[in-house]
Amino acid sequence: MEQQIVLAVLGVAGVVSAFLFAFKGLLDQIPDVIRSWRRVVDEARRSHSDHGLTSDDHHPPSSSGDGTR
């Protein structure tokens, strides 16, 4: 009976140890995921603002005051 208790404790300790190791690995990856997400969001905002330009924004303003050239 004592041996079964010892084996159960060792088994539980092994499972907990493996879980903590895997959990630590997951937590170590979170900063990289956040940095990548921020780059994606920044690039999306940058490309979205580039597409917001109208055709009038690409031409220099006309020299006459009434808008004719």
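- In the nomenclature of an unreviewed UniProt entry, the protein chain is known as Secreted protein of Streptomyces sp. R11.

### Regarding the packing of aromatic side chains
Then, in step 1: The final tally for this structure, using the stated rule, is 1 aromatic pair.
Then, in step 2: Aromatic pair phenylalanine 19 and phenylalanine 23: ring centres 5.9 Å apart, planes at 10°, arrangement stacked. Here phenylalanine 23 and phenylalanine 19 lie together in helix 1 (residues 2-51), a separation of 4 residues that amounts to about one turn.
Then, in step 3: When its relative accessible area of 55% is taken as the criterion, phenylalanine 19 is described as exposed.
Then, in step 4: Note on phenylalanine 23: relative accessible area 39%, which makes it partly exposed.

Rules used throughout
Residues numbered from 1 in each chain as written. Predicted model: local features only at pLDDT ≥ 70, side-chain atom pairs only at ≥ 80, totals over all residues. Heavy atoms only, no water. Phe/Tyr/Trp six-rings, centres within 6.5 Å; stacked < 30°, edge-to-face > 60°. Helix = DSSP H or I, 4+ residues; strand = E, 2+ residues; numbered from the N terminus. Buried < 20%, exposed > 50% of the residue type's maximum accessible area, 1.4 Å probe, protein only.

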